[in-house]
Amino acid sequence: MMALSDSITTCLSPLVHYVICKLGFEKTDTYDINNILSENGEVCWQAVTEHVCYLKSDQSVDYIESIRSLGPVCESVYLHFKSLTKEQFVIQYALWFRWTNCTELFPEVFDVLQYTQTTEVALGLMKLTSCLERALGDVYLLIGKDCPFLLRDLLASEQLAVVFGQAVMNVLRVFIGSPYGLNLRNVLWHGFASPQEIPAKYCAMLLFLTAGLGQLLRTYLLQTKCVLVHRPYVIFVSLEELDVFPDLNHETLSIAEELVKLSSFVLKAMLPFWMAALTAFKQSRYADCVILLLPQLEVGLRLLFTTTNKCPNRLLTAEPSALYTTFDEILAKHLDNKEVNQLPAVLEEPAMEFLWDFLNHQEGPRIRDRLSHGEINLEAFPRKVANQIVAFAITLLCRFSDEDVFAFKEHVVIKPLMNCASCYRSRFHPISRLKKQVLECMKSIHLWPELPTVPEEHIQTIKGLEGNAEASPLILMISEIISQLQQYMPQNCYSSDDPISSVLTERLLIALCDTHICMLYSPRPVLEILVVLRKISTQCHQVSEQVIASTDLRYKQWMNKTLRSRQRHNYLRMLNSIKFLSPVLRLILVLITVELINIHLVCKKNPFDYQQYLKFLKSVLQYTENLVTYTSPEKNKWDETMELTNKALIKIRKISDRKLMLMQLAT
């Protein structure tokens, strides 16, 4: 692989390389900037749009001729920006960038154009395209409802054509959003272009066009009296869940710089991007670091993917009519020809789960999507998130190298990273989220015994509340169900003498949740079952929170003697009921977790009628939903709660008389 990474000089196919690097330079005539820029600093759009060419056959955009025609215009704009001081640029253009809601970006890109540092130009373009996409989405929502996810669909929408005009949108599509044009956004964000392959004049032109769009938008807003509303940025919550690797220090980053030069995971043409990413991290420019690094991870994984699956042609950008090899294909279970993707076996489960967690899972950070679509405030990008991506990249540099990097792997600052990577388990797969839910719910239920309560003798004085709790039919049914479940439980987590107190514990749930389950490529039946299991868990937690709130409130009212006779009676019934309700909810949580473990075992061995199983689960869900209603402060129906619980337990016991429902259906 080392020889391959050294020998590859470009990831652009011949046609794409020609379109980006040469086509816009074929016309060498000088274009006067005053043709497209008025004396008062406004973009003359008609003079720009007349350079877009159309096919005679169907009047669709002729991208090849349009790029050729716009080449001198882009050069003129580039030279114009280079002739301005920063102060002149801000005075003339700052107002027209306000519509994007990220005005600080544009002076930064202007600075880059003055020095033509190739990696910085590419970085500027990536940030510019993501910012522009987000802003155009906000404009779309002035008229439309659901903003298209893909940039190409957004640019082709009728809504933006209404605001800016179709001719203007066609100009944009020449530069971004169409695989037949320059397609600068995708070529950069997917890591196909090396630093020297992106002409600075295209970055300058996008800067210019963004200002021009701001001018057109102002006119539209004045005419329609509409107000542009910016969608809020996505904020990373629960950062502790993203904390995988130790904090990177200067020594680690210095070693990483050496590894980059040695590792066959890095294409030599892309080396400047890697070095710039590490420098950005050192300079606390965390968004820049991740924006530079994510495409390079995709390049390295694409190299591994094409080598492992013996399809070297997939390393290059595809022609417009064919498929790009991106993270989606690289991390998929099957290739486009339906054969099994061999990369997961090479990367191994922990690395695959990390990539799925940070890039793909809907409840994960989805860093690449959110950065590339402009959903994140770059100024507030968390160091912790950047730390994880850089650290993971370092482990790949170590793992996939033809050079002898043993000394690096064993280095005192690198070895902990390797250890963390090798034992990573998914945190954002639906299975992981369900495990987290049940543990949080159990913690809530464990608070019940600590709740303030009236003396037991008060409860015993109420007619209808007498009786020994141990002899209750509910408790007997729970014990019977537990005895059926015990074959699936860790033996050191329960006592046969007191099954309810010893089995239905947080300790048992933790032990069950620690059971390893392969989460990659969960089949559809599993995902559908998980949806219902998670809903059941959510309802159980809601019941627990309502019990806690009601118990606390009623106790205070009891002590203050503000409860009427009927309310006192109902309060005591509640106290009696929750003694039985606690083990029932704990049983359901244990049942959920045991079933969760068995789902994959069953699906791997043989298919089963999961629709019948779903029907059973949905009946349990219906029970928990009714519990939420009956235990709410508004309803407070505790007799009905006990009747409902009795019926639900009878149903669950019928299923468990022979085996768990899931195992029964599978045999």
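Computed from a prediction, not measured in an experiment: that's the story for all the values here. (Residues numbered from 1 in each chain as written. Predicted model: local features only at pLDDT ≥ 70, side-chain atom pairs only at ≥ 80, totals over all residues. Heavy atoms only, no water.)

(A) How the structure looks around the overall build of the chain. Assigned secondary structure in the chain consists of 32 helices and zero strands. By principal-axis analysis of the C-alpha atoms, the chain measures approximately 100 × 65 × 50 Å. Burial statistics for the chain: of 667 residues in total, 56% are counted as buried. At a minimum sequence separation of 6, the contacts of the chain that also span at least 24 residues come to 77%. Accessible surface for the chain amounts to roughly 29,000 Å². Of this, 53% is attributable to carbon and sulfur atoms. Taking the 66 positively charged and 70 negatively charged side chains of the chain as two groups, their mean positions are separated by 7 Å. (Helix = DSSP H or I, 4+ residues; strand = E, 2+ residues; numbered from the N terminus. Buried < 20%, exposed > 50% of the residue type's maximum accessible area, 1.4 Å probe, protein only. Contact = heavy atoms within 4.5 Å. Areas by Shrake-Rupley, 256 points an atom, 1.4 Å probe, with all protein chains shown as cover. Lys, Arg positive; Asp, Glu negative; His and termini not counted. Charge placed at Lys NZ, Arg CZ, Asp CG, Glu CD.)

(B) Representation of the pattern of salt bridges. Enumeration according to the criterion identifies 29 salt bridges in this entry. A salt bridge links glutamate 375 to arginine 370, with the nearest nitrogen and oxygen atoms 3.8 Å apart. Taking the shortest distance from any N to any O, the salt bridge between aspartate 639 and arginine 573 comes out at 3.1 Å. Taken together, the residues span a long stretch of sequence, with aspartate 639 in helix α31 (residues 638–656) and arginine 573 in helix α29 (residues 565–605) at a distance of 66 residues. (Salt bridge = Lys/Arg side-chain N within 4 Å of Asp/Glu carboxyl O.)

(C) Fine view of the side chain of glutamate 241. Here glutamate 241 lies in the loop between α12 (200–224) and α13 (250–262). There is a polar contact of 2.8 Å between the side chain of glutamate 241 and the side chain of arginine 433. Other than its neighbours up to four places away in sequence, glutamate 241 contacts Arg427, Phe428, Arg433 and Lys436. (Polar contact = N/O pair within 3.5 Å; in protein donor to acceptor, adjacent residues only side chain to side chain.)

(D) Quick look at the nonpolar core. Ranked by size, the top nonpolar core spans 162 residues in total, and within it Phe81, Leu136, Phe164, Phe175, Leu347, Ile367 and Phe381 carry the most contacts. There are two domains that each give this core at least three residues, and those are domain 1 (9–224) and domain 2 (239–423). Among residues more than four places away in sequence, those in contact with leucine 347 are Leu301, Leu304, Met352, Leu355, Leu396, Arg399 and Phe400. The next biggest cluster of nonpolar side chains, apart from the first, holds 73 residues, and it includes Ile431, Leu485, Ile597 and Leu617. (Core = buried A, V, L, I, M, F, W, Y, C linked by side-chain atoms within 4.5 Å. Domains from an automatic or database assignment.)

(E) Fine view of helix α2 (residues 14–21). Inspection of α2 places Val16, Val19, Ile20 and Cys21 among the buried residues, and these make up the whole buried set. In the core, the buried residues of α2 are packed alongside α4 (63–83), α11 (184–189) and α12.

(F) Representation of the packing of aromatic side chains in the model. Here the structure, examined in full by the defined rule, presents 21 aromatic pairs. A centroid spacing of 5.5 Å and a plane angle of 70 degrees characterise the contact between phenylalanine 81 and tyrosine 93, whose relative ring orientation is edge-to-face. With phenylalanine 81 in helix α4 and tyrosine 93 in helix α5 (residues 86–93), the pair connects residues that are 12 residues apart, well separated along the chain. Cluster of aromatic residues (ring-pair linked, three or more members): Phe81, Phe89, Tyr93, Phe97, Phe106, Phe110 and Phe208. Seen from the ring of phenylalanine 25, lysine 201 lies directly overhead, with NZ or CZ sitting 3.7 Å from the centre. Sitting above the plane of the phenylalanine 192 ring, arginine 302 keeps its charged end 3.9 Å from the centroid. (Phe/Tyr/Trp six-rings, centres within 6.5 Å; stacked < 30°, edge-to-face > 60°. Lys NZ or Arg CZ within 6 Å of the ring centre and 35° of its normal.)

(G) Structural context of unusual backbone geometry. Positive phi, close to 65 degrees, is recorded for serine 284, a residue that is not glycine. Looking at where serine 284 falls in the secondary structure, it is placed in the loop between α14 (271–282) and α15 (286–308). Overall, the relative accessible area of 44% leaves serine 284 in the partly exposed class. Positive phi outside glycine occurs at asparagine 636, with the angle close to 55 degrees. Under the relative-accessibility criterion, asparagine 636 is labelled buried at 10%.

(H) Representation of the state of the cysteines. By the definition in use, this model includes one disulfide. The disulfide bridge from cysteine 102 ends at cysteine 131, spanning 2.3 Å between sulfur atoms. Across the disulfide from cysteine 102 to cysteine 131, rotation about the S-S bond amounts to roughly 65 degrees, and the bridge is consequently right-handed. A residue pair is termed long-range when its members are at least 10 positions apart, and cysteine 102 in the loop between α5 and α6 (105–115) and cysteine 131 in helix α7 (residues 118–140) qualify at 29 residues. No disulfide involves cysteine 44; its nearest neighbouring cysteine sulfur is the one of cysteine 74, lying 16 Å away. Assessed through its relative accessible area of 27%, cysteine 44 is described here as partly exposed. (Disulfide = S-S within 2.5 Å.)

(I) Spatial organisation of the packing of helix α18 (residues 349–360) against helix α20 (residues 383–399). Interhelical geometry of α18 versus α20 gives an angle of 150 degrees and a closest axis separation of 12 Å. When the interaxial angle is binned, α18 and α20 end up roughly antiparallel. Where α18 crosses over α20, the handedness of that crossing is left-handed. Residues Ala351, Phe354, Leu355 and Phe358 of α18 lie in contact with α20, whose contacting residues are Gln388, Ile389, Phe392 and Arg399. Split into classes, the residues belonging to the contact of α18 with α20 amount to six nonpolar, one polar and one charged. (Axes fitted to C-alpha atoms, helices over the stretch in contact; angles between N-to-C directions. Parallel < 35°, antiparallel > 145°, perpendicular 65-115°, else oblique. Left-handed = near helix turned anticlockwise from the far one by under 90°. Nonpolar A, V, L, I, M, F, W, Y, C, P; charged D, E, K, R; others polar.)

(J) A look at the domain arrangement of the chain. Under the domain assignment, the chain is made up of domain 1 (9–224), domain 2 (239–423) and domain 3 (444–665). Between domain 2 and domain 3, the residue contacts involve nine residues of the former and six residues of the latter. Of the roughly 640 Å² buried at the junction of domain 2 and domain 3 (both faces included), carbon and sulfur atoms supply 56%. Our enumeration of links across domain 2 and domain 3 arrives at one salt bridge. (Buried area = accessible area lost by both parts, 1.4 Å probe.)

(K) Region of the structure containing the UniProt feature "domain: DUF4209" (unreviewed entry) in the chain. Feature annotation in UniProt places "domain: DUF4209" (unreviewed entry) on residues 132–212, given in this structure's numbering. Taken end to end, residues 132–212 comprises 62% helix and 0% strand; its first and last C-alpha atoms sit 12 Å apart. (UniProt positions renumbered as here; feature names shortened; annotations may be inferred.)

(L) Seen up close, α20. Along its 17 residues, α20 runs 24 Å from first to last C-alpha, staying within 8% of the 24 Å computed at 1.5 Å per residue. Most of α20 sits out of view: 14 of its 17 residues are buried. (Expected span 1.5 Å × (residues − 1).)

(M) Highlighting the side chain of glutamine 296. Mapped onto the fold, glutamine 296 is located in helix α15. Given a relative accessible area of 3%, glutamine 296 falls into the buried group. Glutamine 296 has contacts with Phe265, Met270, Phe273 and Trp274, leaving out every residue within four places of it along the chain.

(N) How the structure looks around the environment of glycine 24. Topologically, glycine 24 is positioned in the loop between α2 and α3 (45–49). Overall, the relative accessible area of 1% leaves glycine 24 in the buried class. Glycine 24 sits 380 residues away from aspartate 404 along the chain, and the two C-alpha atoms are 44 Å apart. Look past the residues within four positions of glycine 24 in its chain and what remains in contact with it is Val19, Ile67, Gly71, Pro72, Lys201 and Tyr202.

(O) The arrangement of the packing of α6 against α7 in detail. Running from amino to carboxyl end, α6 crosses α7 at an angle of 155 degrees, the nearest separation of the two axes being 9 Å. Judged on the interaxial angle alone, α7 and α6 are roughly antiparallel. The element α6 and its partner α7 pack so that their crossing is left-handed. Contacts between α6 and α7 involve Leu105, Phe106, Glu108, Val109 and Val112 from the first element and Glu120, Val121, Gly124, Lys127, Leu128 and Cys131 from the second.

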